[in-house]
Amino acid sequence: MAAPWEDILRNKPAVQEAASVAVDAALLEGVLMRTEREPNASDVVSYAPFTLLPSAVPSALFEQAYAVQQDFNLLVDAISQNKEFLERTLASTIKVDDFTARLFRIHMQVLEEGLAQSVFLGINRSDYMFDCGVDGTPALKQIEINTIAASFGGLTSRTAAVHGQVLKVLGRSEEASRLLPNNPSKGLALGIAKAWELYGSQSAVVMFLVEEVQRNIFDQRCVENELWNRNIRVIRKRFRDVFEKGSLDDAKRLYMDGQEVAVVYYREGYVPKNYDQQNWEARLLLERSRAVKCPDIATQLAGTKKVQQELSRPGTLERLLPGRTEAIARIRATFAGLYSLDMGEEGDKIAATAIADPDRFVLKPQREGGGNNLYGEELRQVLEKIRDSPERTSYILMDKIKPQPAMNYLLRAHSPLQVSECISELGIFGVYVRQGKEMVMNNAAGHLLRTKAIEHADGGVAAGVAVLDTPYLV
Ligand code: ADP
Ligand code: MG
């Protein structure tokens, strides 16, 4: 399943020439990121890291990933509406994980008060790797589904053009013409626009809830611009701004600086460090409001690792999606082995297995954003320490996916040009809008391919490990 340019990788002068074309093309196309030194200013910007060449992706697995996305949208949406399931599934986790517990408390509070909005907007990204089985046949295995702040839909809308140009420069125009168009930023914006329309106020705005440090602003601007093009006003605010200037009126309409907010699109709020006491209060205000939340807090909880693990238990999908036999089969086919570390015999047994053979597993806490999982010797040490304590229930265990590596160059500002052995992770963006009981939109909105050197077990693009890529179907 190798891409047809192994020969090019060894031709250093051609690679050097192509790399300088690639970087300029990335800048021209807008594959941009602010710099580490000036993360909140756009005076001097750089390119987001990316591969020199597109990576080979088996077309059957690519199609499989697209084909299951609407099923995953339905599943996430069903979980978010199932109070009992979330309560039961997260019961052990929230006893030991304070962050999940706080999210859960807000979830319960808004349910008790009664939800002020019946329109729901979900934007997620389901991530996969291509696991190489014993016979070497790759299989699509889900890493996780991100139900809040799934990023890079904007920048990845522009990488195919960059890679197309690189291939042309290298004399591969035929292959360049085979790169697929991809525009998640438009698909995401269509979902946001639909929610805005259903909210039903021409003068209301869409609020992007953004981080204090905004290095990845261009990725968000791609989506913002799609909304402006549809004459929908966008404002960018932080939790701090919401705490200081946000308010609800008697009908729980959300106002920021006197502007009514129709949709809150979170690009923040998924890790504990995003919150101090004021930010928690701001989050509660947003959740209580009539604005459409993307995602609402129940949908964020549906994306926890603990929920993912419970989904793999026999019978769970059947209970969540009654009657949808085919969707369930498509979803289940993407599951890797996932194991609960809840106290009891089942958890004791899998903990002992993982301690004895740590390279078979990944140990995952309830965290997002990369760099939190434990592997190998570190996994063994941590699990050994907590194996008899309830602390272990804040983690889950997962089978380690082992993809076939391929050679590529990872282009990063100020880094030497050197060939690396790499593995890739494919993400499919899902967008859906539900009004009351009716799904009014349910789409797969595009893809993201990220590639990293094999020496890094963990980590995404924002974490500085993976880089943007474009799939070349084989
Ligand atoms: P996060 O929420 O931090 O993004 P992920 O579950 O996506 O957590 O894990 C982060 C990274 O760790 C992934 O992008 C992938 O590179 C690696 N990883 C996660 N789970 C596995 C697994 N089961 N097998 C191999 N690598 C994994
Ligand atoms: Mg991830």
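Residues numbered from 1 in each chain as written. Chains lettered and ligands numbered in written order. Predicted model: local features only at pLDDT ≥ 70, side-chain atom pairs only at ≥ 80, totals over all residues. Heavy atoms only, no water.

What counts is decided by this rule: UniProt positions are given in the numbering used here, feature names are shortened, and annotations may be inferred rather than shown by experiment.
The name given to the protein in an unreviewed UniProt entry is Glutathione synthetase, with Pandion haliaetus as the source organism. Turning to the protein, the UniProt annotation filed under Pathway (unreviewed entry) states: "Sulfur metabolism; glutathione biosynthesis; glutathione from L-cysteine and L-glutamate: step 2/2." Recorded in UniProt under Subunit (unreviewed entry), the annotation for the protein is "Homodimer."

**With respect to the overall build of the protein**
Put simply, the rule is: Each helix corresponds to a stretch of at least 4 residues labelled H or I by DSSP, and each strand to a stretch of at least 2 residues labelled E; elements are numbered beginning at the N terminus. Computation of the radius of gyration draws on C-alpha atoms, with the globule rule given as 2.2 Å multiplied by the number of residues to the power 0.38. When accessible area is computed with a 1.4 Å probe and restricted to protein chains, residues below 20% of their type maximum are described as buried, those above 50% as exposed, and intermediate ones as partly exposed. Note on contacts: a residue pair is in contact if any heavy atoms of the two residues lie within 4.5 Å. Only the protein chains shown count as cover for residues, with accessible areas throughout obtained via the Shrake-Rupley method and a probe of 1.4 Å. Here the positive residues are Lys and Arg and the negative ones are Asp and Glu; neither His nor the chain ends is included. A charge is said to be at NZ when it belongs to Lys, at CZ for Arg, at CG for Asp and at CD for Glu.
When you go through the protein residue by residue, the secondary structure sums to 18 helices and 21 strands. Relative to the 2.2 N^0.38 estimate, which gives 23 Å for 474 residues, the radius of gyration of the protein is 22 Å and therefore close to what a compact globule would have. For the protein, the spread of C-alpha atoms along the principal axes amounts to about 65 × 55 × 45 Å. When burial is assessed residue by residue, the protein has 59% of its 474 residues classed as buried. The long-range fraction of contacts in the protein, counting pairs at least 24 apart against all pairs at least 6 apart in sequence, stands at 74%. Split by element, the accessible area of the protein, about 19500 Å² in all, is 48% carbon and sulfur. Mean positive and mean negative side-chain charge positions of the protein (56 and 62 charges, respectively) differ by 2 Å.

**Considering the UniProt feature "domain: Glutathione synthase substrate-binding" (unreviewed entry) in the protein**
In the numbering used here, UniProt assigns the feature "domain: Glutathione synthase substrate-binding" (unreviewed entry) to residues 204-302. Spanning residues 204-302, this segment combines 38% helix with 26% strand, and its end C-alpha atoms are found 28 Å apart.

**Here's the deal with the environment of Ile 94**
Inspection of the secondary structure puts Ile 94 in helix H5 (residues 83-96). Residues Ile 94 and Thr 393, 299 residues apart in the sequence, show an inter-C-alpha distance of 9.1 Å. Ile 94 has contacts with Thr 100, Ala 101 and Phe 104, leaving out every residue within four places of it along the chain.

**A word on the nonpolar core**
Rules: To form a nonpolar core, buried Ala, Val, Leu, Ile, Met, Phe, Trp, Tyr and Cys residues must be joined to one another through side-chain atoms within 4.5 Å.
Within the largest apolar cluster, 66 residues are counted, with the highest numbers of intra-cluster contacts made by Leu 52, Leu 121, Ile 192, Leu 227, Val 263 and Leu 468. Leaving out residues up to four positions away in the same chain, Leu 468 has contacts with Val 31, Ala 48, Pro 49, Phe 50, Thr 51, Phe 152, Leu 155, Thr 159, His 163, Leu 448, Leu 449 and Val 461. Grouped together as the second largest cluster of nonpolar side chains are 62 residues, Ile 79, Tyr 270, Ala 298 and Ala 302 included.

**Focus: the site of ligand 1**
The line we're drawing: Definition of nearness: a residue and a molecule or strand are near each other if at least one heavy atom of the residue lies within 4 Å of the molecule or strand. Residues adjacent in sequence count toward polar contacts only when both atoms are side-chain atoms; beyond that, a polar contact is any pair of N or O atoms within 3.5 Å, and within protein one must be able to donate a hydrogen and the other to accept it. Note on residue categories: nonpolar means Ala, Val, Leu, Ile, Met, Phe, Trp, Tyr, Cys or Pro, charged means Asp, Glu, Lys or Arg, and polar means any other residue, Gly included. What counts as a domain boundary in this text is fixed by an automatic or database domain assignment.
Residues in close proximity to ligand 1 total 22 residues, the closest being Glu 144, Lys 364, Gly 370, Glu 425 and Lys 452. Separating an oxygen atom of ligand 1 from a side-chain N or O atom of Tyr 375 is a distance of 2.9 Å. At 2.9 Å, a backbone N or O of Asp 399 approaches a nitrogen atom of ligand 1. Expressed as a share of its isolated accessible area of 540 Å², the protein-covered part of ligand 1 is 95%. Elements with a minimum of two residues in the shell around ligand 1: strand S6 (138-146), strand S14 (361-365) and strand S16 (395-399). Classifying every residue of the shell around ligand 1 by side-chain character gives seven nonpolar, five polar and ten charged. The two domains that each donate at least three residues to the shell around ligand 1 are domain 1 (6-336 + 401-473) and domain 2 (337-400).

**Details of the pairing of strand S8 (residues 234-237)**
How we decide: By definition, two strands form a pair when at least two bridges between them are found by DSSP. Note on handedness: a crossover is taken as right-handed if, strands pointing away from the viewer, the path from the first strand over the helix to the second is clockwise.
Of the two faces of S8, the one holding Val 234 and Arg 236 and the one holding Ile 235 and Lys 237 are both buried throughout. Two strands pair when backbone bridges link them, and strand S7 (residues 205-209) and S8 are joined in this way by four bridges, in the parallel orientation. Note on S8: the bridge partner recorded for Phe 208 is Arg 236. Note on the crossover from S7 through helix H10 (residues 217-229) to S8: the handedness is right-handed.

**Focus: the packing of H5 against helix H6 (residues 98-113)**
Put simply, the rule is: Each axis is a line fitted through C-alpha atoms, taken for helices only over the stretch in contact, and angles between the N-to-C directions span 0 to 180 degrees. Crossings are assigned a handedness: left-handed for a near helix turned anticlockwise from the far helix by less than a right angle, right-handed for a clockwise turn.
In the contact formed by H5 and H6, the axes pass within 8 Å of each other and the chain directions differ by 145°. Considering the relative orientation of H5 and H6, their crossing is left-handed. From H5, Lys 83, Leu 86, Glu 87, Leu 90, Thr 93, Ile 94 and Val 96 reach across to H6, where they touch Asp 98, Thr 100, Ala 101, Phe 104, His 107, Met 108 and Leu 111. Taken together, the residues of the contact of H5 with H6 break down into eight nonpolar, three polar and three charged.

**With respect to unusual backbone geometry**
Pro 295 follows Cys 294 through a cis peptide bond whose omega is 0°. Mapped onto the elements of the fold, Pro 295 is located in the loop between strand S12 (292-294) and helix H13 (297-302). The phi angle at Phe 152 is positive, at roughly 75°, despite the residue not being glycine. Relative to the assigned elements, Phe 152 resides in the loop between S6 and helix H7 (159-169). One non-glycine residue with positive phi stands out, namely Lys 252, at about 65°.

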